[in-house]
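What follows is each chain in one-letter form.
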Amino acid sequence: MKLVNIGFGSMIAAHRLLAVVSPDSAPVKRVVQEARDRGMLIDASYGHKTKAVILMDTDHVILSAVSPETLSARMEDRQTEEKE
């Protein structure tokens, strides 16, 4: 199982990740609110500004203080390590 660091020592399973999106749009804000209402929201931003919303295949929504670009780069680094 490959893990990806999403900031402040928090990790997620890479194979469970569906999407990493910016939290600025109204549809994403709705997804976050709906997840909060269902009890499926995990706030891994540790009180910092949310820069990325991570959607998982388990229906969980995770808030991260790391930007989507940084998370993408970390995923690519993991894939490069696997190939070597």
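Located above this text is the structure these notes cover.
Only a predicted model underlies this, so the values are computations on that prediction, with no experimental measurement involved. (Residues numbered from 1 in each chain as written. Predicted model: local features only at pLDDT ≥ 70, side-chain atom pairs only at ≥ 80, totals over all residues. Heavy atoms only, no water.)

**Student:** Please explain the pairing of strand β5 (residues 52-56) as it appears in this structure.
**Tutor:** In summary, the side chains of a regular strand alternate between the two faces of the sheet. Burial runs high along β5: four of the five residues are buried. For strand β3 (residues 17-21) and β5, the ladder comprises four bridges, and the chain directions are antiparallel. The residue of β5 that forms the bridge with Val20 is Ile54. As paired strands, β5 and strand β6 (residues 61-64) are joined by four bridges and run antiparallel to one another. (Buried < 20%, exposed > 50% of the residue type's maximum accessible area, 1.4 Å probe, protein only. Helix = DSSP H or I, 4+ residues; strand = E, 2+ residues; numbered from the N terminus. Pairing = 2+ DSSP bridges.)

**Student:** Hey, could you run me through empty space enclosed by the protein in this one?
**Tutor:** A probe matching the size of a water molecule, rolled over the atoms, marks out where space remains unfilled. In the structure shown here, the tally under the stated rule is one cavity of 30 Å³ or more. Looking at the largest cavity, the residues that line it are Val4, Ile6, Ile12, Leu17, Val20, Ile54, Leu71 and Met75. Put simply, the parts of the chain that give the lining of the largest cavity at least two residues each are β1 (3-7), β3 and α2 (68-83). Among the residues making up the lining of the largest cavity, the classes are represented as eight nonpolar, no polar and no charged. (1 Å grid on protein atoms, 1.4 Å probe; cavity = no way out; pocket = protein on both sides within 12 Å on 5 of 7 lines; lining within 4 Å. Points joined across faces, edges and corners; volume = space filled by probe spheres on them. Nonpolar A, V, L, I, M, F, W, Y, C, P; charged D, E, K, R; others polar.)

**Student:** Can you walk me through a nonpolar patch on the surface in this structure?
**Tutor:** On the surface, a nonpolar cluster with roughly 320 Å² of combined accessible area is contributed by Met1, Leu3 and Met11. Among the secondary structure elements, Met11 is positioned in strand β2 (residues 10-13). (Patch = residues over 30% accessible without salt bridge, like charges linked within 9 Å, V, L, I, M, F, W, Y side chains within 5 Å. Areas by Shrake-Rupley, 256 points an atom, 1.4 Å probe, with all protein chains shown as cover. Salt bridge = Lys/Arg side-chain N within 4 Å of Asp/Glu carboxyl O.)

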